[in-house]
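In case you want the letters, here they are:
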2 protein chains.
Amino acid sequence: MTYCVAMRLADGLVFASDSRTNAGFDQISTFRKMHVFEQPGERELVLLSAGNLATSQSVISLLERRAGTDIANVLNTASMFETAEIVGQTMREVIKRDNPDGKLHQVDFSCSLILGGQIKGESHRLFNIYPEGNFIEATEETPYFQIGESKYGKPIIDRIVNFQTTLDRAYQCALISFDSTMKSNLSVGMPLDVAIYRKDGLKPCFTDRVEEQCDYFHTLRQQWHQGIQELFSSLEPPGLG
Amino acid sequence: MTYCVAMRLADGLVFASDSRTNAGFDQISTFRKMHVFEQPGERELVLLSAGNLATSQSVISLLERRAGTDIANVLNTASMFETAEIVGQTMREVIKRDNPDGKLHQVDFSCSLILGGQIKGESHRLFNIYPEGNFIEATEETPYFQIGESKYGKPIIDRIVNFQTTLDRAYQCALISFDSTMKSNLSVGMPLDVAIYRKDGLKPCFTDRVEEQCDYFHTLRQQWHQGIQELFSSLEPPGLG
């Protein structure tokens with residue numbers, strides 16, 4: 001499984017993904033699920049992927065191979081909307097290649113993607129691209145998307161993040177969301193990849209690979225866990241009749 | 001959907017369930033998912049159910065109809081283990097009645113159950129009964145089971161509850177677990193049913209129906225939400241390069 005989250009905030013975009021891939025419990029690997037396409041001054045795009053690794057890798061490979069050619073590709077679109085269309089279309093193409101008759105198999109070929117970024121001339125935007133290749137866009141009321149193993153880490157985001165949340169606080173919340181997820185589910189694992197895009201910069205994202213031994217993350221996890229226990233103890237328990 | 005949780009602790013057992021049932025988004029109802037079988041001084045049994053309501057209602061009806069008769073039933077078993085066997089067998093019987101050829105249908109006939117309680121002569125015990133009718137038992141290392149929409153509310157239980165947690169604190173933690181779940185998922189809804197069994201009493205559980213306007217729950221939710229936000233703000237955010 002996988003867990004990825006991305007947020008579109010007033011100040012920019014925050015992306016985070018884990019790196020665990022498993023085909024059964026005895027075949028666990030580390031794969032990066034975050035891919036960046038950039039043309040400084042022109043566009044900055046980040047893609048997060050969850051689901052079938054063969055599908056998502058093929059989608060990324062095709063997007064990379066076509067970037068810079070004459071055909072419509074992620075580096076020559078005029079808008080994030082068009083970019084999302086190309087990514088969705090490429091996903092349909094790969095799934096059709098691997099499952100041409102569209103039959104139900106024991107294997108699930110589908111994957112989900114999050115696409116975010118900014119193209120010169122428009123604002124920063126964020127899209128959730130479904131396995132069918134169609135997509136929805138984040139708004140101020142719903143400023144974040146999750147894909148993969150998303151439920152464990154959703155409550156903390158719902159309590160903390162809104163469109164006005166600053167980029168550093170949103171990054172901090174994403175790390176706590178990953179901590180809660182990894183505590184409860186073995187299929188999401190370290191290291192984490194993080195990318196933070198400050199709006200209108202059209203400059204490469206701040207990126208980080210958060211490893212198990214990362215000081216900041218280690219301290220945050222400890223302080224959060226202890227803080228939750230102290231908060232819990234500070235509240236009055238219910239009476240038992 | 002549904003969310004139920006039950007914990008087996010040193011002092012006894014804590015059970016909680018929501019009451020929302022939905023067949024599609026336009027057919028939402030309130031059904032109790034907690035059922036008690038009792039013989040004061042002899043046994044106290046609590047069943048929680050999630051999944052297909054037709055299946056779980058039939059299972060409960062058959063268990064009730066047979067209780068007190070001469071055939072093996074939940075009121076004449078000598079152990080919790082035998083009781084779990086009867087419940088599992090009854091579930092298989094109902095699923096076979098409704099889906100005799102065992103074919104895959106568009107409708108999912110399955111349900112999951114949690115059975116906990118105590119029978120005179122042995123300790124208090126807790127079982128998670130799978131849709132196939134087989135079951136596992138809680139231990140000191142793994143003192144709780146969840147069924148239904150369990151992921152949102154799992155991290156807080158993993159952070160707080162262990163075998164030594166007191167009954168009132170475990171009840172408090174279950175309420176927070178429901179709060180987190182209901183904030184993020186519409187298919188789990190109020191009111192909640194709670195039952196608390198103090199071990200070796202062989203007396204009826206303390207029970208409560210927690211409604212939306214319940215003072216304690218309302219205050220707890222507010223204090224928890226505010227406490228989480230304050231804890232989050234008190235921790236240093238990460239640097240952005």
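Definitions and cut-offs
Residues numbered from 1 in each chain as written. Chains lettered and ligands numbered in written order. Predicted model: local features only at pLDDT ≥ 70, side-chain atom pairs only at ≥ 80, totals over all residues. Heavy atoms only, no water. Helix = DSSP H or I, 4+ residues; strand = E, 2+ residues; numbered from the N terminus. Rg over C-alpha atoms; globule rule 2.2 N^0.38 Å. Buried < 20%, exposed > 50% of the residue type's maximum accessible area, 1.4 Å probe, protein only. Contact = heavy atoms within 4.5 Å. Areas by Shrake-Rupley, 256 points an atom, 1.4 Å probe, with all protein chains shown as cover. Lys, Arg positive; Asp, Glu negative; His and termini not counted. Charge placed at Lys NZ, Arg CZ, Asp CG, Glu CD. Expected span 1.5 Å × (residues − 1). Arc of directions from axis to C-beta. 1 Å grid on protein atoms, 1.4 Å probe; cavity = no way out; pocket = protein on both sides within 12 Å on 5 of 7 lines; lining within 4 Å. Points joined across faces, edges and corners; volume = space filled by probe spheres on them. Nonpolar A, V, L, I, M, F, W, Y, C, P; charged D, E, K, R; others polar. Least-squares fit on C-alpha atoms with pLDDT ≥ 70 in both. Pairing = 2+ DSSP bridges. Axes fitted to C-alpha atoms, helices over the stretch in contact; angles between N-to-C directions. Polar contact = N/O pair within 3.5 Å; in protein donor to acceptor, adjacent residues only side chain to side chain.

Looking at an unreviewed UniProt entry, one finds chain A named Peptidase and attributed to Marinobacter salinus.

K.L.:
Where do I start with the overall build of chain A in this structure?
P.N.:
When helices and strands are tallied, chain A shows five helices and 12 strands. Its C-alpha atoms give chain A a radius of gyration of 19 Å, near enough to 18 Å, the size a compact globule of 241 residues would have. By its C-alpha atoms, chain A is 70 × 45 × 35 Å across when sized along the principal axes. Out of the 241 residues belonging to chain A, those deemed buried represent 53%. Contacts in chain A between residues far apart in sequence, at least 24 positions, make up 64% of those at least 6 positions apart. A total of about 10,700 Å² of accessible surface is found on chain A, and carbon and sulfur atoms cover 49% of it. Averaging the coordinates of the 23 positive side-chain charges in chain A and doing the same for the 31 negative ones gives two points 2 Å apart.

K.L.:
Before we go on, may I ask you to explain helix α5 (residues 215–234) of chain A in this structure?
P.N.:
Because each turn of an α-helix spans 3.6 residues, side chains separated by three or four positions end up pointing in the same direction. All names here are of chain A. In a regular helix each residue adds 1.5 Å, so 20 residues correspond to 28 Å; α5 covers 28 Å between its end C-alpha atoms and thus fits that length. Of all the positions in α5, only F217, L220, R221, W224, G227, I228, L231 and F232 are classed as buried. With its buried residues spanning 140 degrees around the axis, α5 presents them on a single face. Exposed residues pointing more than 90 degrees away from the buried face of α5 are listed as D215 and S234.

K.L.:
In this structure, what is going on with the layout of surface pockets? I would like to understand it.
P.N.:
One simple way to see leftover space: roll a probe sized like a water molecule over the atoms. The space that makes up the largest pocket amounts to roughly 370 Å³. As for the largest pocket, its lining consists of 17 residues, and the residues nearest its centre are T21, N22, G51, N52 and L53 of chain B. For the lining of the largest pocket, a count of residues per class yields five nonpolar, 10 polar and two charged. Put simply, the second largest pocket is a space of about 310 Å³. In this structure, the second largest pocket is lined by 15 residues; those nearest its centre are M1, T21, N22, G51 and L53 of chain A. Elements represented by at least two residues in the lining of the second largest pocket include exactly β3 (20–22), β6 (43–51) and α1 (53–66) of chain A.

K.L.:
Quick question: what am I supposed to make of the relation of the copies chain A and chain B here?
P.N.:
Between the two copies of this chain, the relationship is a rotation about some axis together with a displacement along it. Superposing chain A onto chain B takes a rotation of 180 degrees combined with a translation of 0.0 Å along the rotation axis, leaving an RMSD of 0.0 Å. Taken together, these values place the two copies in the relation of a two-fold axis. Minimal C-alpha distance to the rotation axis in chain A is attained by Y152 of chain A, lying at 2.3 Å. Both copies present the same face, since 100% of the interface residues in chain A are matched by interface residues at the equivalent positions in chain B.

K.L.:
I would appreciate a short explanation of the sheet that holds strand β7 (residues 111–119) of chain A in the present structure.
P.N.:
Residues and elements named next belong to chain A. In space, the five strands of this open sheet follow the order β5-β6-β7-β8-β9, with antiparallel pairing throughout. Each end of this open sheet is capped by a strand with a single partner; those strands are β5 (34–39) and β9 (135–137). The mean angle between the axes of side-by-side strands here comes to 20 degrees, regardless of whether they run parallel or antiparallel. Relative to β6, β5 runs antiparallel, the two being bridged by six bridges. For Q39, the partnering residue across the bridge sits in β6 and is R43. Across the sheet, helix α2 (residues 80–98) lies against β6, β7, β8 (125–129) and β9, angled at about 155 degrees from β7, the strand it touches most.

K.L.:
Explanation requested: the side chain of Q146 of chain A in the structure shown.
P.N.:
Residue and element names in this part refer to chain A. Turning to its location among the elements, Q146 is positioned in strand β10 (residues 144–148). Taking relative accessible area as the criterion, Q146 reaches 14% and is therefore assigned buried. Looking at Q146, its side chain comes within polar contact range of the main-chain oxygen of S150, at 3.0 Å. Excluding residues within four positions of it along the chain, Q146 makes contact with Y3, C4, V5, I114, N128, G153, K154 and I157.

K.L.:
How should I be thinking about empty space enclosed by the protein in this particular structure?
P.N.:
This model, assessed by the stated rule, comprises one cavity of 30 Å³ or more. As a volume, the largest cavity reaches approximately 190 Å³. Of all the secondary-structure elements, those providing two or more residues to the lining of the largest cavity are α3 (154–160), α4 (167–184) and α5 of chain A together with α3 (154–160) and α5 (215–234) of chain B. Looking at side-chain class alone, the lining of the largest cavity contains 11 nonpolar, three polar and two charged residues.

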